[in-house]
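Residues per chain are reported as follows:
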Amino acid sequence: MQVPTPLTVGIDVGGTKTHLRACAGADTVTDHVRTSDGWRPHDTAAAADWLAALLHDVLPPGTAPAAVAVGGHACETPRQCAGIRAALHARLGVPCIVVGDAELLAPAAGVPDGVGLVAGTGSVAVGRLPDGTAVQVGGWGAVLGDEGASAGLVREAARAVWAAHDRAEPPDELARLLTASLHVPEVPALGAALEGAARVSAEWGRHAPSVFEAAAAGSSLARTVIADGGRALAELVVRLAARGASVADVVVAGGTVLAQPALYTAFTEALALALPDTRTRPLRVPPVAGAVALARSLARPGARGAFEAPGALGALAPEVP
């Protein structure tokens, strides 16, 4: 069967994996997942080349994109996103848009004016001002930020067990499980193990299950780390509200917060105290659905491109999985 052309293409470039979905009308033509190895969003040309190569490798022969929307991990500023967009457009010659990956969540859920909050390897939240301007908070990496995400939880767990060690407290279940996960013999050796990571966020984040396992086993230290992580995620939404963003709906995604009920509960309880009128919902479709929705908005006849005018996302509908 001949594949219809052209295609609307959405790409979700995460910190660990990349998901590309290409659609012809309502039909999904290609749904492809691979690692994000080689993604360099702070190098405009390299990022555009990486995306163009991905499209070349994955799209069926004889097809071409009519529009491409990308949600990119570590795309942190409008200037950075605009640079990648321009470079990608120059390579493809079709309408393109590049946004931070958290900006895919609200359109994927069908609430384009909502907040998108991600807590996976890292954590970030994105909302919109009344004029349509996107506002991002958080997302500063595991060394300085990413509270409530897997890497940030591991960092704070290590700090908690170090503090307990300094107080001459015997190692609890968190200390036992964290040292075992990092393959070190004792708490003081955690520092060298963490500092030796080549890819800090990914390598630290792999040890987050030990924090939740310790909490389930009764560690008060681990439970405090998780509760603090939930409050930190809620604080991201509070910051958006303080800047004037609409926070009526918060769409939550990320392999850490959605896979760990203790963290999700800590987040929602903290948010309910701070912003009692805000509704939270876990994202039930892949974030790439939001990228496809953005690509479709670009491909509509006469479209100026999503985010070019206030309210440009108002007509977007949720994508089905």
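Residues numbered from 1 in each chain as written. Predicted model: local features only at pLDDT ≥ 70, side-chain atom pairs only at ≥ 80, totals over all residues. Heavy atoms only, no water.

So what's going on with the overall build of the chain? Which residues, and what values?
Each helix and strand in the chain was counted, giving 11 helices and 10 strands. The long-range fraction of contacts in the chain, counting pairs at least 24 apart against all pairs at least 6 apart in sequence, stands at 66%. Summed over all atoms, the accessible surface of the chain reaches about 14300 Å², with 55% contributed by carbon and sulfur. Charge centroids of the chain, computed over 24 positive and 30 negative side chains, lie 5 Å from each other. (Helix = DSSP H or I, 4+ residues; strand = E, 2+ residues; numbered from the N terminus. Contact = heavy atoms within 4.5 Å. Areas by Shrake-Rupley, 256 points an atom, 1.4 Å probe, with all protein chains shown as cover. Lys, Arg positive; Asp, Glu negative; His and termini not counted. Charge placed at Lys NZ, Arg CZ, Asp CG, Glu CD.)

Can you lay out the pairing of strand S5 (residues 96–100) for me, pointing to particular residues and giving the numbers?
Most of S5 is tucked away: 5 of the 5 residues are buried. Two strands pair when backbone bridges link them, and strand S4 (residues 65–72) and S5 are joined in this way by 5 bridges, in the parallel orientation. Bridge pairing in S5 places Gly 71 opposite Val 99. On the question of chirality, the crossover connecting S4 to the parallel S5 by way of helix H2 (residues 78–92) is right-handed. (Buried < 20%, exposed > 50% of the residue type's maximum accessible area, 1.4 Å probe, protein only. Pairing = 2+ DSSP bridges. Right-handed = clockwise from strand over helix to strand, strands pointing away.)

I'd love a proper account of the layout of surface pockets, names of residues and values included.
One number sums up the size of the largest pocket: a volume of about 1200 Å³. Lining of the largest pocket is provided by 50 residues; of these, Gly 14, Gly 15, Thr 16, His 73 and Asp 101 occupy positions nearest its centre. Mapped by element, the contributors of at least two residues to the lining of the largest pocket are strand S2 (17–24), strand S7 (123–128) and helix H7 (200–205). The element that contributes the greatest number of residues to the lining of the largest pocket is H7, accounting for 3 residues. (1 Å grid on protein atoms, 1.4 Å probe; cavity = no way out; pocket = protein on both sides within 12 Å on 5 of 7 lines; lining within 4 Å. Points joined across faces, edges and corners; volume = space filled by probe spheres on them.)

Now, about the pattern of salt bridges: what can you tell me, with residues and values included?
Applying the stated criterion to the full structure yields 13 salt bridges. A salt bridge links Arg 34 to Asp 57; the shortest N-O distance between them is 3.7 Å. In this pair, Arg 34 sits in strand S3 (residues 27–35) while Asp 57 sits in helix H1 (residues 44–58), placing the two residues 23 residues apart along the sequence. Close ionic contact of Asp 249 with Arg 279 constitutes a salt bridge, the shortest N to O distance being 2.9 Å. Highlighted residues: Asp 249 in strand S9 (residues 249–253) and Arg 279 in strand S10 (residues 279–282), separated in sequence by 30 residues. Asp 249 sits in the buried class, given a relative accessible area of 10%. Beyond isolated ion pairs, a larger network of salt bridges with shared partners links Arg 155, Glu 156 and Arg 159. (Salt bridge = Lys/Arg side-chain N within 4 Å of Asp/Glu carboxyl O.)

Requested: an account of the environment of Ala 151, with residues and values cited.
With respect to the element layout, Ala 151 can be found in helix H4 (residues 150–166). Look at Ala 151 and you get buried, because its relative accessible area is 0%. Sequence separation between Ala 151 and Ser 123 is 28 residues; the distance between their C-alpha atoms is 9.2 Å.

Any chance you could break down the sheet that holds strand S1 (residues 7–13) for me, citing the residues and the numbers?
Pairing is mixed across the open sheet formed by 5 strands, whose spatial order is S3-S2-S1-S4-S5. Strands with a single pairing partner mark the edges of an open sheet, and in this sheet they are S3 and S5. Taken pair by pair, the neighbouring strands of this sheet meet at an average axis angle of 10°, ignoring direction. Its contacts with the sheet put H1 on S1, S2, S3 and S4, and the angle it makes with S3 is roughly 125°. Strands S1, S2, S4 and S5 of the sheet are contacted by helix H11 (residues 288–299), whose axis makes an angle of about 140° with S1. (Axes fitted to C-alpha atoms, helices over the stretch in contact; angles between N-to-C directions.)

Outline the packing of helix H9 (residues 220–242) against helix H10 (residues 261–274), supporting the account with residue identities and numerical values.
The N-to-C vectors of H9 and H10 enclose an angle of 45°; their axes lie 7 Å apart at closest approach. Looking at the two axes, H9 sits oblique to H10. Viewed along their axes, H9 and H10 form a crossing whose handedness is right-handed. Two secondary-structure elements touch here, H9 through Ile 226, Ala 227, Gly 229, Gly 230, Arg 231, Leu 233, Ala 234, Val 237 and Val 238 and H10 through Ala 262, Leu 263, Ala 266, Phe 267, Ala 270, Leu 271 and Ala 274. (Parallel < 35°, antiparallel > 145°, perpendicular 65-115°, else oblique. Left-handed = near helix turned anticlockwise from the far one by under 90°.)

Now, about the sheet that holds S9: what can you tell me, with residues and values included?
If you walk across this open sheet you meet the 5 strands as S8-S7-S6-S9-S10, and the pairing is mixed. Edge positions in the sheet fall to strand S8 (134–138) and S10, since each of these pairs with one other strand and no more. For this sheet the average axis-to-axis angle between neighbouring strands, irrespective of direction, equals 20°.

Go over empty space enclosed by the protein, please, and point to the residues and values.
This structure, assessed with the given rule, holds 1 cavity of 30 Å³ or more. What the largest cavity holds in volume is close to 60 Å³. What lines the largest cavity is simply Ala 102, Glu 103, Ala 106, Pro 107, Pro 112, Gly 114, Gly 116, Val 126, Gly 127 and Arg 128. For the lining of the largest cavity, the elements supplying multiple residues, two or more each, are helix H3 (105–109) and S7. Per-element accounting of the lining of the largest cavity gives the leading share, 3 residues, to S7. Split into classes, the residues belonging to the lining of the largest cavity amount to 5 nonpolar, 3 polar and 2 charged. (Nonpolar A, V, L, I, M, F, W, Y, C, P; charged D, E, K, R; others polar.)

Interpretation note: all reported values are geometric properties and have no functional meaning in isolation.
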